[in-house]
Amino acid sequence: MARPSYLARSPSGRYYLQRRLGKSANQIFGQAVLRVSLRTGDFQEARRRLPMMLDWANQAVAAPDLEALGRLFDQQLKRHVEEGEPRDDRTLAVRLGLEHQIRNFMLRANERGFLFARLFEGFAYRWGDFVNQNKDAEANLAAGLPSAFTPAVLPVVGSPALGSVDVGFIRNLVQQELAAKEVRCLPIDTATTAVVTQQEGEPPIPSASCPHRMADLLEKFLAPPDRKRARNFKGRPEAKPIVQFAIDFFKDPILEQIGPAQWAALDEPLSDIPHPTNVPRNHAHSLFARYKYAQDHGWDDLVRLTEKTLKSRYWYGLYKFIDWAIAERFYSGVRPKFECIDPENLASLPRDAFEDEEILRILRLPLFTGCLNRTNVWKPGVCFVQSAIYWGYLVCLFTGMRPGEVGQLECAQIRTDGTFFYFDLRPFEARNGRVALQDLRNLKTNAAGRVIPINPLLIELGLLDRMQELSDQGEKRVFPEWEQYVRRDGTVRWSQPLSKSWQYLKNKVLTGLRADVSLYSTRHFFADILDSHSIAQRTRDRILGHVGDVRGRYGRKGILDPTVAAQIESLEPAIMKSAREILLSAKQKADRGELTILRTYR
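Residues numbered from 1 in each chain as written. Predicted model: local features only at pLDDT ≥ 70, side-chain atom pairs only at ≥ 80, totals over all residues. Heavy atoms only, no water.

> Whenever I open this one, the overall build of the protein confuses me. Can you help?
From N to C terminus, the protein includes 25 helices and 10 strands. Within the protein, residue pairs in contact and separated by at least 24 positions form 69% of the contacts whose partners lie at least 6 positions apart. When the accessible surface of the protein is totalled, it reaches about 31,700 Å², and 51% of it is carbon and sulfur. (Helix = DSSP H or I, 4+ residues; strand = E, 2+ residues; numbered from the N terminus. Contact = heavy atoms within 4.5 Å. Areas by Shrake-Rupley, 256 points an atom, 1.4 Å probe, with all protein chains shown as cover.)

So this is what it looks like as structure tokens:
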């Protein structure tokens, strides 16, 4: 005989109800699968008990949030308590399965700050009667005694008739939660006095039952953290615009009153926020203003957002805020799921490597062959300026380094083993022992810590001379004129100067460049050189700072093997030879005095 759906059997021979939970139910129940024991090893009996258990289990799985689940359990308690003590093992098993799930619900609700006992009046007393009826029935059925089966008389709230341990526990729990709610929701002057009477110096615990406007919570969300929580603050300022969009869209609601229907109503408008391109300045000051402009004036001449922006900035920003509100117990609802993407939203462009002719076109520009002066480096002239931007492009092209890695290079990171020169990008020198986390170098990922052979062309152009001169002056960085960019969350970004230079170069100086090339195409260009010369995958990953498989994390942690280093240093495809002729020709003119050398550092 076929086994009914949702019926499973444990190795011990006992049957149980099993239902896989969706993502929403998974978050409510705190588990991926709902399992409820049917308390029998007899297949026929299990089949009879299963439909009775599914009566409430299917509704529980479909509940959209804790409030709906609590309402269902409260209704179940009312029905069972009115029916009285169960008369047989089958009914008792169903009730015990329900009892176990209600206990779990109370624990989860209490952890999330959801005051279910206040929302469902009389819940505590119905729960106490329900548990006592189950205990009495269990004892009577085990002893073979007839069930009393007397309908329960619900006591008046506050009645001393309830004396069991379980009822006392839940009553104390309810009283503690109500008292805490009264303290936390008092006016500021009264609440301050009340809190001091609890424990000296202990702040009140935030509660989702207190009305908090979304704008007030955004202010708390963006408040500068203390030193120990600084890591949790990362990314919050970037979430501000999209959270503000939700505030404007809902007209600054009380966060606790936003349910699944409201979050669903927000999902589609997120994809209807236009890119600022062609949006008038007086309508581009906020995401909501841009959204309203598109709604009022149509999409003629407006540009849709990319799918990547929608997912990585807008959805991620809202998730970050909602997760924070749930963790801080300002919101007891379930984290929503955003999934609406308009078919007209743009696809993200995959970045391609530079073609050889595009590289030569860049290297023939005045910055590399002779410019007007220190500031007008894209206009032709008789000056030779090896600025941080000059070196930034060349190092990115001929080593595959990230722009942010180039900007923060230190003189001490240019090292040699006596034969080859390297950029040492490891976060610290492990052979000298451990260092504090705050002293680690700023790397994108753990895999970014690596050593990179320096292309001989960079040495011929004078990179080591620059490093030595700056070291003699006591300067720590190789490019001291390269300014760092401090974001609103306090994190430092080093790629800004080169990124801004590239935007100007692409939009104002070079015309007709492909849409799928960017500053990061320098890394794709160098990776393509490694691939074309059959460099081992492990070596390729280490040089580019990519995360490889587990095997790639084993082996030498220091300088690359000399044989491998020599192989990489000898790479010189046709494009490298052409680049060498252009760059060294300008350097030799400067050395002969045909171009005026202008320094960009003291």
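> Can you walk me through unusual backbone geometry in this structure?
Glycine aside, the phi torsion of most residues is negative, and most peptide linkages are trans. Its identity as a non-glycine residue notwithstanding, R39 has a phi of 60°, on the positive side. If you trace the backbone, R39 turns up in the loop between strand 3 (33–37) and helix 2 (43–62). You can call R39 partly exposed: its relative accessible area is 38%. Phi is positive for D252, which is not a glycine, with a value near 50°. (Buried < 20%, exposed > 50% of the residue type's maximum accessible area, 1.4 Å probe, protein only.)

> What is the right way to read the packing of aromatic side chains from this model?
When we look at a pair of aromatic rings, we describe it by the centre distance and by the angle of the planes. This structure, assessed with the given rule, holds 25 aromatic pairs. One aromatic cluster is present, built from ring pairs that chain together F245, F249, F250, W263, F288, Y291, Y319, Y331 and F338. For R304, the ring lying beneath its charged end belongs to W299, and the centroid distance is 3.8 Å. Directly above the aromatic system of Y319 lies the positively charged group of R335, at a separation of 4.0 Å from the ring centroid. (Phe/Tyr/Trp six-rings, centres within 6.5 Å; stacked < 30°, edge-to-face > 60°. Lys NZ or Arg CZ within 6 Å of the ring centre and 35° of its normal.)

> Where do I start with the packing of helix 11 (residues 236–250) against helix 13 (residues 287–297) in this structure?
Packed helices, taken two at a time, are described by the angle between their axes plus the distance between the axes. At a minimum axis distance of 8 Å, the contact between helix 11 and helix 13 shows a crossing angle of 55°. As far as their axial angle goes, helix 13 and helix 11 are oblique. From helix 11, P241, I242, F245, D248 and F249 reach across to helix 13, where they touch L287, F288 and Y291. Classifying every residue of the contact of helix 11 with helix 13 gives 7 nonpolar, no polar and 1 charged. (Axes fitted to C-alpha atoms, helices over the stretch in contact; angles between N-to-C directions. Parallel < 35°, antiparallel > 145°, perpendicular 65-115°, else oblique. Nonpolar A, V, L, I, M, F, W, Y, C, P; charged D, E, K, R; others polar.)

> Looking at this structure, how should I read the sheet that holds strand 6 (residues 421–424)?
Hydrogen bonds between backbone atoms are what pair the strands of a sheet, whose relative direction is either parallel or antiparallel. If you trace the 3 strands from one edge of the open sheet to the other, you get 5-6-7, paired in antiparallel fashion. A strand with exactly one partner marks an edge of an open sheet, and here the two such strands are strand 5 (414–416) and strand 7 (451–453). For this sheet, the mean inter-axis angle between neighbouring strands, taken without regard to orientation, is 35°. Of the strand pairs in this sheet, strand 5 and strand 6 are connected by 3 bridges, and their pairing is antiparallel. Looking across to strand 6, one finds that I414 is bridged to F423. (Pairing = 2+ DSSP bridges.)

> When you look at helix 21 (residues 496–509) in this model, what are you seeing that I'm missing?
Working note: α-helix, 3.6 residues per turn, so residues spaced by three or four point in the same direction. Given a rise of 1.5 Å per residue, 14 residues ought to cover 20 Å, and the 19 Å separating the end C-alpha atoms of helix 21 matches this to within 8%. Those residues of helix 21 hidden inside the fold are in contact with helix 15 (356–363), helix 17 (388–399) and helix 18 (403–407). (Expected span 1.5 Å × (residues − 1).)

> Looking at this structure, I do not really get the pairing of strand 2 (residues 15–20). What am I missing?
Strand residues, when the strand is regular, have side chains that alternate between the two faces of the sheet. The pairing of strand 1 (residues 7–9) with strand 2 spans 3 bridges and is classified as antiparallel. Its bridge partner lying in strand 2, L7 is registered against L17. Counting the residues that bridge the hairpin from strand 1 to strand 2 gives 5 residues, and of these G13 lies at a positive phi of roughly 100°. Inspection of the sheet shows strand 2 paired to strand 3 by 5 bridges, in the antiparallel sense. Note that in strand 3 the partner of Q18 across the bridge is R35.

> Could you clarify how one ought to interpret the nonpolar core in this entry?
Generally speaking, a soluble globular protein has its nonpolar side chains buried in company with each other. Counting 64 residues, the largest nonpolar core has Y393 and F423 as the members making the most contacts within it. Filtering out sequence-adjacent residues up to four positions away, Y393 remains in contact with L367, F368, W378, L498, S501, W502, L505 and L519. (Core = buried A, V, L, I, M, F, W, Y, C linked by side-chain atoms within 4.5 Å.)

> Even after reading the chapter, I still don't get the confidence of the model for the protein, so can you show me in this structure?
If pLDDT is low for a region, its predicted coordinates should not be looked at in detail. Taken over all residues, the pLDDT of the protein has a mean of 78, while the share at 70 or more is 74%. When mean pLDDT is taken per element in the protein, strand 4 (residues 383–385) scores highest with 97 and helix 8 (residues 188–196) scores lowest with 31. Contacts for the low-pLDDT stretch residues 177–209, under 50 throughout, to residues beyond four places or in other chains number 35 contacts. (pLDDT = per-residue confidence, 0-100.)

> Explain the environment of W482 here, please?
With respect to the element layout, W482 can be found in the loop between helix 20 (463–472) and strand 8 (485–486). With 94 residues separating them in the primary sequence, W482 and A388 have C-alpha atoms 6.1 Å apart. Excluding residues that lie within four positions of it along the chain, W482 makes contacts with A388, G392, P403, V406, G407, R477, W494, P497 and L498.

> Help me out: how do you make sense of the pattern of salt bridges in this one?
Close approach of charged atoms allows side chains with opposite charge to pair. Applying the stated criterion to the full structure yields 26 salt bridges. The salt bridge partner of E138 is R39, with a shortest N-O separation of 3.5 Å. Taken as a pair, E138 in helix 6 (residues 123–143) and R39 in the loop between strand 3 and helix 2 lie far apart in primary sequence, 99 residues in all. Three or more residues are tied together by salt bridges with common partners; here these are D272, R304, D342 and E344. (Salt bridge = Lys/Arg side-chain N within 4 Å of Asp/Glu carboxyl O.)

> What should I look at first to understand the sheet that holds strand 3 in this one?
Read from one edge of the open sheet, 3 strands run 1-2-3, paired in antiparallel fashion. With partners counted over all chains shown, the strands left at the sheet margins are strand 1 and strand 3, one partner each. Looking at each pair of strands side by side, their axes are set apart by 35° on average, direction ignored. Sheet strands in contact with helix 2 are strand 1, strand 2 and strand 3, and its direction is about 30° off that of strand 2.

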